[in-house]
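Structural description and commentary
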Amino acid sequence: MVFSCKKGIAKKEREGLFMKKENISYWTKSAAITDFTKLDQNIRTEILVVGGGIAGILAAYRLAEAGHKVVLAEGRKLVQETTANTTAKITAQHHLMYQEMLENQGEDKTRLFYQSQMDGIQAIETLVKQYQIDCDFEKISSTQLTDGRNEEAIRKEYEAYEKLGIKSELHEQGLKLPVKNTLALEMPNQAQFHPVKFLSGMVEACVNLGVKFYEETLITDINKVQAVTDQEKTIDFQKVIVATHFPLINIKNNYISELQIERSYIVAAEGMNIPVGMFQTVDEPKRSLRHYHTNNGIGVLVGGENHITATVSHMDDAYDKLSEFAFEVFKGNVTDNWSAQDMMTVDRMPLIGAYDAQNPNLFIVTGFNKFGMASAAVAAELLTDLINRRENNYASLFEPSRIKTLGNQAKAIGKQIKDAIVGEAAALKDHRTDPSELKVDEGGIFNIEGKLTAIYKDKQGNEHHVSPFCTHLGCVVKFNDAERTWDCPCHGSRFDQDGCVLEGPATKDLN
Ligand SMILES: Cc1cc2nc3c(=O)[nH]c(=O)nc-3n(C[C@H](O)[C@H](O)[C@H](O)COP(=O)(O)OP(=O)(O)OC[C@H]3O[C@@H](n4cnc5c(N)ncnc54)[C@H](O)[C@@H]3O)c2cc1C
Ligand code: FES
């Protein structure tokens, strides 16, 4: 049987057709955003924002607020990708990072970074109040916990906090929680929210400021003055902001390939003794925790099981491990599970600003290191200031091309990715030749008459054959058994069983 990509249907509908329903986040299920039509003619705008996640929407908002004419083009539906699959902690406490950052970046940069995150929290709080957005926004603490195995690391982090003047409390006896802990480091005045409800409010604010949104308008090419869509419509612009998560850039030899893509998993559970607050266990296996609001009271999100995208064989195991934790600690009954990926940088800071000196009208925002909420709010102001040639305290801290100067560290990430690819290629030498070996609902790479072929056997026993070579830059994809997708280890593109692109940077389906 031949299966083909259903062009133009939204990912959510495709999920209904092909993917496990459970892999839709609680945020997506419990809120909606107004629908917009696709672009059906050639247009011209002052500023084009590509990508409708938190980074794109907040940038569009700030620019429109500053009086610019803004168009936002979203390839699928607004807020259905990473931003709908986050834990949605809005915090400056990014695991244990300040001690390491102090050593690598020095005191001034580290303090500035902390300040940027606190500014991001403040900016989101102000928007929630200004537009009276009902999005479960709460000011609460964020806390790092150890069960005794990492007390020294927490104490060192606390010393860094003291040196930097970061407000905190070290709980020498730990906190009274269902999670075992002997020492806890609390950062007050952090926040959390429901990201889809928040952005629904911000989209409305954008529309009132004149932003034009187009959905199912996938940008397939961008040059210095024009973007082209998959429907072959053009958008002429003076400036473009690429907020597509992994940047959609067709410039050869760019430094963006230094970004490392990491996948993580989340389960949402309703249970007992769920604490109010945001927590992170620093001992292996690490768990990220926060409460969220349900119709019955509060539930808990348990996140973890991170790995470089497409480097783990049985991704389904991640959900089992997180569910076990939710059950053991909270007698939690898992109601939803989902996963997503984020871009990691060597210095743990995002890339926000002009792409490079040769492309001064092309701006990027990426590399959030799994903490994109506060940073996206900071990015929106920074990009607006850069476009208006206004000074901004964070311009040089987040300047994208700094990554080029990080030499050996950046090479280390490049090597890690390369190893992942080489490892995969080596494994291919032993590829199987008989797809009848596949179990139902399983995928794998086969040698079919000398041609490498990615094959998924669906629940009816039908085989779906596609090329395993990613249409971005040609790396070999790997089957993700948690979501029934083909994931690329190089820059994180994802494809469904019939090779349709689900997530970029690839914009073309697998052959
Ligand atoms: C499991 C997990 C947990 C996390 N938890 C937290 C947390 O607790 N706190 C926190 O601060 N951060 C967290 N993060 C990080 C945060 O969620 C992300 O950094 C953030 O959501 C990224 O937002 P974005 O707008 O850049 O990307 P996205 O939300 O992915 O938006 C990009 C958009 O661009 C669109 N697009 C892509 N290509 C094209 C194209 N060619 N043409 C048009 N449109 C295109 C996509 O369809 C998408 O809608 C977490 C991340 C993960 C993976
Ligand atoms: S995402 Fe770049 S090669 Fe696959």
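Per an unreviewed UniProt entry, the recorded name for the protein chain is FAD-dependent oxidoreductase, and the organism is Macrococcus hajekii.

Turning our eyes to something else, we now look at the site of ligand 1. The local shell around ligand 1 holds 36 residues, among which Glu74, Thr82, Thr83, Lys89 and Met373 are the closest. In isolation ligand 1 offers 1,000 Å² of accessible surface; the protein chains occlude 97% of this area. Those elements that provide at least two residues to the shell around ligand 1 are α3 (54-65), β13 (260-270), β17 (333-344) and α9 (372-387). With 3 residues, the single largest contributor to the shell around ligand 1 is β17. Partitioned by chemical class, the residues of the shell around ligand 1 number 14 nonpolar, 16 polar and 6 charged. Here the shell around ligand 1 gathers at least three residues from each of two domains, domain 2 (31-86 + 196-258 + 348-414) and domain 3 (260-342).

The next subject is α3. The first and last C-alpha atoms of α3 sit 16 Å apart over 12 residues, in line with the 16 Å expected at 1.5 Å per residue. Burial of α3 is extensive: 11 of the 12 residues sit out of reach of the surface. Within α3, burial applies to Ile54, Ala55, Gly56, Ile57, Leu58, Ala59, Ala60, Tyr61, Arg62, Leu63 and Ala64.

Right, let's get into the nonpolar core. Ranked by size, the top nonpolar core spans 85 residues in total, and within it Leu58, Tyr98, Phe193, Phe198, Met202 and Ile241 carry the most contacts. Tallying contributions element by element places α9 first for this core, with 10 residues. When residues are assigned to domains, this core turns out to be shared by domain 2 (31-86 + 196-258 + 348-414) and domain 3 (260-342), each giving three or more. Apart from the residues lying within four places of it in its own chain, the contact partners of Met202 are Ile57, Leu58, Tyr61, Leu127, Tyr131 and Ile133. With 27 residues, the next largest nonpolar core counts Leu48, Ile219, Ile222 and Leu362 among its residues.

Moving on: the state of the cysteines. Scanning the model with the defined rule gives 1 disulfide in all. Sulfur-sulfur distance for the disulfide between Cys475 and Cys490 comes to 2.0 Å. On the sign convention where negative is left-handed, the bridge of Cys475 and Cys490, at about -90° about the S-S bond, is left-handed. Taken together, the residues Cys475 in the loop between β22 (463-466) and β23 (478-480) and Cys490 in the loop between β24 (485-487) and β25 (494-495) connect sequence positions 15 residues apart. Like Cys475, the residue Cys490 is buried in the burial classification.

What counts, and where the lines are drawn
Residues numbered from 1 in each chain as written. Chains lettered and ligands numbered in written order. Predicted model: local features only at pLDDT ≥ 70, side-chain atom pairs only at ≥ 80, totals over all residues. Heavy atoms only, no water. Near = heavy atom within 4 Å. Areas by Shrake-Rupley, 256 points an atom, 1.4 Å probe, with all protein chains shown as cover. Helix = DSSP H or I, 4+ residues; strand = E, 2+ residues; numbered from the N terminus. Nonpolar A, V, L, I, M, F, W, Y, C, P; charged D, E, K, R; others polar. Domains from an automatic or database assignment. Expected span 1.5 Å × (residues − 1). Buried < 20%, exposed > 50% of the residue type's maximum accessible area, 1.4 Å probe, protein only. Core = buried A, V, L, I, M, F, W, Y, C linked by side-chain atoms within 4.5 Å. Contact = heavy atoms within 4.5 Å. Disulfide = S-S within 2.5 Å.

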